[in-house]
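# Geometric and topological summary
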Amino acid sequence: MNLQHQRKLLTDLRAQYEAGLSDVKEQRRSGLRRYESTEVPDDDVDAGTVLFDRERNEVIEEDFAALLKQVERALAKIDEGTYGLCDNCRKPIPEERLKALPYATLGIDCQERLERSA
Ligand SMILES: [Zn+2]
């Protein structure tokens, strides 16, 4: 496993997710301003659309924030020297998984177990 390469991938992903997150936040801010500037929505359809857009943005924002946290954790693991080891059971995570998902901090088994219990 080439840690230098994984670190580069993670740094790029972090920049990408940070940009995505601030984009979504900016969109949400301008969306809220637009909504607040309209005294009364023209009709129920418009109000529903605005609410739907706000909800969707919030979901995307959480997704980006969660991914960002995982990327940060993976970078911290490189520094700690535990990169490539499952955070839960400490067994090595398969290289193919790390190549596909550089920010994986759990092995597949532990990931699935946690998702099932969530
Ligand atoms: Zn595990």
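So, here is what we can say about the structure in this document. Model, not experiment: these values are computed from the prediction. (Residues numbered from 1 in each chain as written. Predicted model: local features only at pLDDT ≥ 70, side-chain atom pairs only at ≥ 80, totals over all residues. Heavy atoms only, no water.)

## So, the overall build of the chain
If you tally the helices and strands in the chain, you get 4 helices and 0 strands. Its helices and strands in sequence order give the chain the pattern α-α-α-α, from N to C terminus. Evaluated residue by residue, the chain yields a buried proportion of 26% over its 118 residues. Once local pairs closer than 6 in sequence are excluded, the contacts in the chain between residues at least 24 apart make up 58%. (Helix = DSSP H or I, 4+ residues; strand = E, 2+ residues; numbered from the N terminus. Buried < 20%, exposed > 50% of the residue type's maximum accessible area, 1.4 Å probe, protein only. Contact = heavy atoms within 4.5 Å.)

## Structural notes on the nonpolar core
Formed by 17 residues in total, the largest nonpolar core has its most connected members in L10, Y17, V71, Y83 and Y103. Looking at this core element by element, the count peaks at 5 residues for helix α2 (residues 44–80). Contact partners of Y83, with chain neighbours within four places excluded, come to M1, L3, Q6, L10, A74, K77, I78, L98 and P102. (Core = buried A, V, L, I, M, F, W, Y, C linked by side-chain atoms within 4.5 Å.)

## Considering the coordination of the zinc ion
On the protein side, the zinc ion has C86 (SG), C89 (SG) and C110 (SG) as donor atoms, found 2.1 to 2.2 Å from it. Binding-site remark: the zinc ion is held by donors from one chain whose sequence spacing is C-x2-C-x20-C. Within this pair, whereas C86 is found in the loop between α2 and α3 (95–100), its partner C110 is found in helix α4 (residues 108–117), the two being separated by 24 residues in sequence. Here the two residues C86 and C110 agree in accessibility, since each one is buried. (Donors = N, O, S within 2.8 Å, 3.2 Å for Na, K, Ca; no water.)

## As for the side chain of T82
Following the sequence through the fold, T82 ends up in the loop between α2 and α3. By relative accessible area, T82 is classed as buried at 15%. Side chain to side chain, T82 and E80 meet in a polar contact 3.2 Å long. Leaving out residues up to four positions away in the same chain, T82 has contacts with K77 and R90. (Polar contact = N/O pair within 3.5 Å; in protein donor to acceptor, adjacent residues only side chain to side chain.)

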